[in-house]
Protein chains: 2
Amino acid sequence: MKKIVTVSREFGSGGRELGKRLADALGLSYIDNEIVEAMSKETALDEKYLEDRLNSGILQYPVTFAHSFSRIPSASGSAMLIAQQHKIIRETAARTDCVIVGRGADAVLSDMRPFRIFVYADIPSKIARCKARSDNGESATDKDISREIKRIDKARRITHDLYSSYPWGDKAGYDLMVNTSRSEIKDIAPIIAEYARKFFEGGGR
Amino acid sequence: MKKIVTVSREFGSGGRELGKRLADALGLSYIDNEIVEAMSKETALDEKYLEDRLNSGILQYPVTFAHSFSRIPSASGSAMLIAQQHKIIRETAARTDCVIVGRGADAVLSDMRPFRIFVYADIPSKIARCKARSDNGESATDKDISREIKRIDKARRITHDLYSSYPWGDKAGYDLMVNTSRSEIKDIAPIIAEYARKFFEGGGR
């Protein structure tokens, strides 16, 4: 059986750190920049540009037929990039057992029966995590950070829900939902790794 | 720090078994019939009657002012019983470190910072669990069982949401959400116990 872990997460909840620690603990490849690198090779587009476009999803490229025809190519362009990202995620997961954080991998790989984790937290603890890891954390107010968290998560939700049979963050779509508001990622990562091992031992049933 | 675990669960998801196994693994009291026994002593009402009333919540006693005044006493009676149950849950949790399954304990005890688990599963696996533990499983159709699962969960949700700041089963109200569709309770219980230990070590922050 393939061993694939997908980590979906709210911004600032510590999902990326959890994903890296799970990959280490389980001996799986941690897949992140590889996706965009492969896309860059195929499209000859700049990696930074691709990442920005994928992160903002289709949010900043609304299809507004009535007011601005010029935006339509951008919106469909984003959709094309997202579709291409999905193709590369599927190729990558088919090739190697891995942990993939974000990128809609939970939905894209659903037929491969990944172990699907959703990581979330309350707003105060997400703000605290953002500040702790940010270089310019002291200049941004809590209100600024909170607004940014909501903006990013909105893009993730909208993009995810375009091609998923369940809403982003809806428990039905995940095997384990982890609230990191009152836990340290380093403490819970080995336990969740053990949970994933049991899941894979069961063969995903 | 007090060690209290609350296990909220969808009907048929294996939450009760998980609660018992967690109590064993963590050396905590498993609180279940004790609540109704104490209520029975205080009210002189029959335990079976109390359990039935509490399980159906206020669902079968709707407050319909316009059509049936006679139902109002029953509805307020149910609300009184639920309030009394809450009082006994609080007294019990104050007295002993414990695992409490259901009974809205997640919301009732929120100021005691319990470790709050929500257990859920997809409909086919809940039907399978109901059949496996039922004596008359063979006579009920899947459709019957599915309807019964939905009826019971609706009563749980409505009752819970009367006195909770978050909806029943909404991830914001829980520390860990466990999908048992593709896992055996006996396999994941020791891992979740370890997760709870870490949570309590952290002092609930």
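Residues numbered from 1 in each chain as written. Chains lettered and ligands numbered in written order. Predicted model: local features only at pLDDT ≥ 70, side-chain atom pairs only at ≥ 80, totals over all residues. Heavy atoms only, no water.

### Some points on the sheet that holds strand E1 (residues 4-9) of chain B
Spatially, ten strands are ordered E2(A)-E3(A)-E1(A)-E4(A)-E5(A)-E5(B)-E4(B)-E1(B)-E3(B)-E2(B) in an open sheet, and the strand pairing comes out mixed. Strands at the two margins of the open sheet, each flanked by one partner only, are strand E2 (29-31) of chain A together with strand E2 (29-31) of chain B. Sheet twist, expressed as the average angle between the axes of neighbouring strands with direction ignored, equals 20°. Packed on one face of the sheet, helix H1 (residues 15-26) of chain A meets strand E1 (4-9), E2, strand E3 (98-101) and strand E4 (115-120) of chain A and runs near 165° to E1 of chain A. Lying on the sheet, helix H8 (residues 185-201) of chain B is in contact with strand E5 (176-179) of chain A together with E1, strand E4 (115-120) and strand E5 (176-179) of chain B; it crosses E4 of chain B at an angle near 155°. (Pairing = 2+ DSSP bridges. Helix = DSSP H or I, 4+ residues; strand = E, 2+ residues; numbered from the N terminus. Axes fitted to C-alpha atoms, helices over the stretch in contact; angles between N-to-C directions. Contact = heavy atoms within 4.5 Å.)

### Focus: the interface of chain B and chain A
Counting from both sides, the interface comprises 31 residues of chain B and, opposite them, 31 residues of chain A. For the pair chain B and chain A, the summed buried surface comes to about 2600 Å²; carbon and sulfur atoms form 52% of the total. In this structure, Asp-175 of chain B engages Arg-182 of chain A in a salt bridge whose closest nitrogen and oxygen atoms are separated by 3.8 Å. Taken together, the connections running from chain B to chain A amount to eleven residue pairs in polar contact (both at pLDDT 80 or more). Elements with a minimum of two residues in the side of chain B that touches chain A: E4, E5 and H8 of chain B. Examining the composition of the side of chain B that touches chain A, we find that eight residues originate from one element, H8 of chain B, more than from any other. Classifying every residue of the side of chain B that touches chain A by side-chain character gives 13 nonpolar, six polar and twelve charged. Examined bridge by bridge, E5 of chain A and E5 of chain B share three bridges and lie antiparallel to one another. Its bridge partner lying in E5 of chain B, Leu-176 of chain A is registered against Val-178 of chain B. (Buried area = accessible area lost by both parts, 1.4 Å probe. Salt bridge = Lys/Arg side-chain N within 4 Å of Asp/Glu carboxyl O. Polar contact = N/O pair within 3.5 Å; in protein donor to acceptor, adjacent residues only side chain to side chain. Nonpolar A, V, L, I, M, F, W, Y, C, P; charged D, E, K, R; others polar.)

### A word on the environment of Thr-141 of chain A
Residue and element names in this part refer to chain A. Summarising the element assignment, Thr-141 is placed in the loop between helix H6 (123-133) and helix H7 (142-162). Here the alpha-carbon distance between Thr-141 and Ile-127, two residues 14 residues apart in the chain, equals 9.5 Å. Here Asp-144 takes part through its backbone nitrogen, which lies 3.0 Å from a polar atom of the side chain of Thr-141.

### Considering the pairing of strand E3 (residues 98-101) of chain B
Residue and element names in this part refer to chain B. Neither face of E3 is exposed, since Cys-98 and Ile-100 on one face and Val-99 and Val-101 on the opposite face are all buried. Bridge count for E1 against E3 is four bridges, and the pairing is parallel. Following the sheet pairing, Val-5 is matched in E3 by Val-99. When E2 meets E3, the two strands line up parallel, connected through three bridges. Its bridge partner being in E3, Tyr-30 is matched across the sheet by Val-99. (Buried < 20%, exposed > 50% of the residue type's maximum accessible area, 1.4 Å probe, protein only.)

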